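Spelled out, the chains give:
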Amino acid sequence: MTEVEYAISIEQKDPEQALKIYQSITSQEVKSEDESKIKEVETALISMGKFLAKQNKAKDLANLIKSIRPYLGVISKAKASKIVRELVDIFLDMGSSTGLEIPLCLECIEWAKGEKRTFLTQALEGKLVLLYHANGEYSQALSTINRVMKELKKMDDKQLLMEIQLSESKVYHTLKNIPKARAALTSARTTANSIYVPPKLQANLDMQSGILHGEEKDFKTAYSYFYEAFEGYDSIESPLALTALKYMLLSKIMLNTPDDVTGILTGKLGLKYSGEGIDAMKAIADSSKKRSISIFNETLEKFESELRKDAVVQNHLQSLYDNLLERNLVRIIEPYSRVQISHVAETIKLPYDVVEKKLSQIILDKKFSGILDQGSGVLVVYDGSHSDQTYAYALETIEHMGKVVDALFKKAQKLS
């Protein structure tokens, strides 16, 4: 067993000792001709980076990325680029908001420029775009995208070009410019068709596709993409699998099939994942199934961080609320032919004005037949009477017969 393998084996039992072993290996002086030692240090660096990420030591990981530059000068440029990219990926995947992310990325970019490592510079600028997006610096993100895209088209690095196009789609989606987000995603998918796409990147593409289909209210297609993304993330054990599963459940709720949520969560893949996000979706599905606006509001308060702070879920909460409110009102007034609006408001536990306005909207949308008698504050519900369609069907049949006769007449003229 090598020292690195031993350190990996004791990470959980004795983390301090594991860290000391990693530090002793990575601090060694390495010569360019000693291939075995270079390989050992490389393996130790990546393992140490993953270990620090698990321990949530963002500052230590940032210092590690800065401290390995003497070692990077000894090895080949391709290998150095691979190590830096992998360590920066590990650092960014931690999701820690330490404020170190953008300065670290900018520092690495300056170092790469100084070393004239063009491909590494472009790759790190791709990561910088994602950081600007996450921090809400959208103008910076778009200006970086435009600059990098021009350079990448000259270099013909299709994988990196696809990553930048995907990042562009995410930025435009956040800015609510759906046509441009869709166009950028289409460009990314076109680029992806001509190259091998790693599982994580393919899952990112599928996730973005699902999000944009959701914006267009096509939740059936969105669910398919979220499922593909979930399987991709699950295959590489990415924490984003949990997010993809949450969006799958959201799609089923928006399709008005909350019963499917339980089926998904009791399936082989669903049993593996749990958390507040999943509990929130289960509670929303329960409120949708029971057509209960009070359970929905309680869920929003209980799982505020999971529902309100997730931009994708937040985008659909209002339409979900409106849909649920409509169904809840219909459920309450179903048994009545005349019912006081105040009674409906009291039953649903909402202000009188809100209920009255929503009932007017439902009547105008022809969700049910009735009138609001505002003088007496009463809703009069009519029996749902279906109009006789015989006349319309007869006209349609005559129209089709006319087309058939015209076609036969033209054929007869050709024969004569």
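Criteria and thresholds
Each chain carries its own residue numbering, running from 1 in the direction its sequence is written. Owing to the predicted nature of the model, reporting of local features is limited to residues with pLDDT of at least 70; listing and counting of side-chain atom pairs is limited to 80 or more, with chain, interface and lining totals taken over all residues. Side-chain numbers come from the whole structure's heavy atoms, not from hydrogens or water. Secondary structure is summarised from DSSP: a helix means a run of H or I of at least four residues, a strand means a run of E of at least two, and numbering begins at the N terminus for each. The globule rule used here is 2.2 Å times the number of residues to the 0.38 power, and the radius of gyration it is set against is calculated over C-alpha atoms. For every residue, the accessible area (1.4 Å probe, protein chains only) is compared with the maximum for its type, and the residue is labelled buried under 20%, exposed over 50%, or partly exposed between those bounds. Working rule for contacts: check all heavy atoms of both residues, and any pair within 4.5 Å makes them a contact. Using a 1.4 Å probe, the Shrake-Rupley method yields the accessible areas, and only the shown protein chains count as cover for residues. Computed over the protein atoms alone on a 1 Å grid, cavities are sets of points where a 1.4 Å probe fits but cannot get out and pockets are open sets with protein on both sides within 12 Å along at least five of seven lines; a residue lines them when it has an atom within 4 Å of a point. Grid points are joined across faces, edges and corners, and a volume is the space filled by probe spheres set on the points. Polarity classes work like this: nonpolar for Ala, Val, Leu, Ile, Met, Phe, Trp, Tyr, Cys and Pro, charged for Asp, Glu, Lys and Arg, and polar for all others, with Gly in that last group. By convention in these notes, a salt bridge is any Lys or Arg side-chain nitrogen within 4 Å of a carboxyl oxygen on Asp or Glu. Fitted lines through C-alpha atoms serve as axes, helices being fitted only where they are in contact, and the angles separating the N-to-C directions of these axes extend from 0 to 180 degrees. By the definition used in this description, the sense in which the near helix is turned from the far one sets the handedness, with an anticlockwise turn below a right angle giving left-handed and a clockwise turn giving right-handed. Any angle that is under 35 degrees is reported as roughly parallel, and any over 145 degrees as roughly antiparallel; angles of 65 to 115 degrees are reported as roughly perpendicular and all others as oblique. For two strands to be treated as a pair, DSSP must find at least two bridges joining them.

1. Some thoughts on the overall build of the protein chain
So, point 1. Each helix and strand in the protein chain was counted, giving 22 helices and three strands.
So, point 2. Compactness check: the protein chain gives a C-alpha radius of gyration of 30 Å against a globular reference of 22 Å for 416 residues, more than 25% above the reference.
So, point 3. Taken across its 416 residues, the protein chain has 44% of its residues classed as buried.
So, point 4. For the protein chain, restricting intrachain contacts to residue pairs at least 6 apart in sequence, the fraction spanning at least 24 positions comes to 58%.
So, point 5. With the model as given, the accessible surface of the protein chain reaches about 22900 Å², and the carbon-plus-sulfur share is 52%.

2. Side note on the layout of surface pockets
So, point 1. Roughly 330 Å³ of volume is contained in the second largest pocket.
So, point 2. Lining the second largest pocket we find 19 residues, and of these Thr26, Ser27, Leu64, Ser67 and Ile68 sit closest to its centre.
So, point 3. Elements with a minimum of two residues in the lining of the second largest pocket: helix H2 (15-26), helix H3 (35-54), helix H4 (58-67) and helix H5 (69-74).
So, point 4. For the lining of the second largest pocket, the per-class residue count stands at eleven nonpolar, six polar and two charged.

3. Quick look at empty space enclosed by the protein
So, point 1. Under the criterion given, the structure shown has one cavity of 30 Å³ or more.
So, point 2. Quantified by volume, the largest cavity comes out at close to 50 Å³.
So, point 3. Lining the largest cavity are Gly210, Ile211, Gly214, Phe219, Ala222, Phe226, Tyr247, Leu250, Ser251, Val312 and His316.
So, point 4. Listing elements by their share of the lining of the largest cavity, those giving two or more residues are helix H12 (199-215), helix H13 (219-235), helix H14 (240-254) and helix H19 (311-333).

4. Things to note about the pattern of salt bridges
So, point 1. Here the structure, examined in full by the defined rule, presents 16 salt bridges.
So, point 2. Lys54 is paired through a salt bridge with Glu11; the nearest N and O atoms lie 3.8 Å apart. With Lys54 in helix H3 and Glu11 in the loop between helix H1 (3-9) and H2, this pair connects stretches of sequence that are 43 residues apart.
So, point 3. Since its relative accessible area comes to 12%, Glu11 is described here as buried.

5. Focus on the packing of H2 against H3
Pairs of packed helices are described in terms of their axes, by the angle between the two and the distance that separates them.
So, point 1. H3 packs onto H2 with a crossing angle of 145° between their chain directions and a minimal axis gap of 9 Å. Of the two possible hands of crossing, H2 and H3 adopt the one that is left-handed. Across the interface between the two elements, Pro15, Leu19, Tyr22, Gln23, Ile25 and Thr26 from H2 touch Glu40, Val41, Ala44, Leu45, Ser47, Met48, Phe51 and Leu52 from H3.
So, point 2. Across the contact of H2 with H3, the residue classes break down as ten nonpolar, three polar and one charged.

6. Re the packing of H3 against H4
So, point 1. Relative to each other, H3 and H4 sit at 160°, their axes nearing to 9 Å. Here H3 is positioned roughly antiparallel relative to H4, judged by the angle of their axes. The handedness of the crossing between H3 and H4 is left-handed. Every residue of H4 that contacts H3 at Leu45, Met48, Gly49 and Leu52 is listed here: Asp60, Leu61 and Leu64.
So, point 2. Tallied by class, the residues present in the contact of H3 with H4 amount to five nonpolar, one polar and one charged.

7. Overview of the pairing of strand S2 (residues 370-373)
So, point 1. Summarising the sheet, S2 and strand S3 (residues 378-381) pair through four bridges and their orientation is antiparallel. Residue pairing across strands places Gly370 opposite Val381, the latter belonging to S3.

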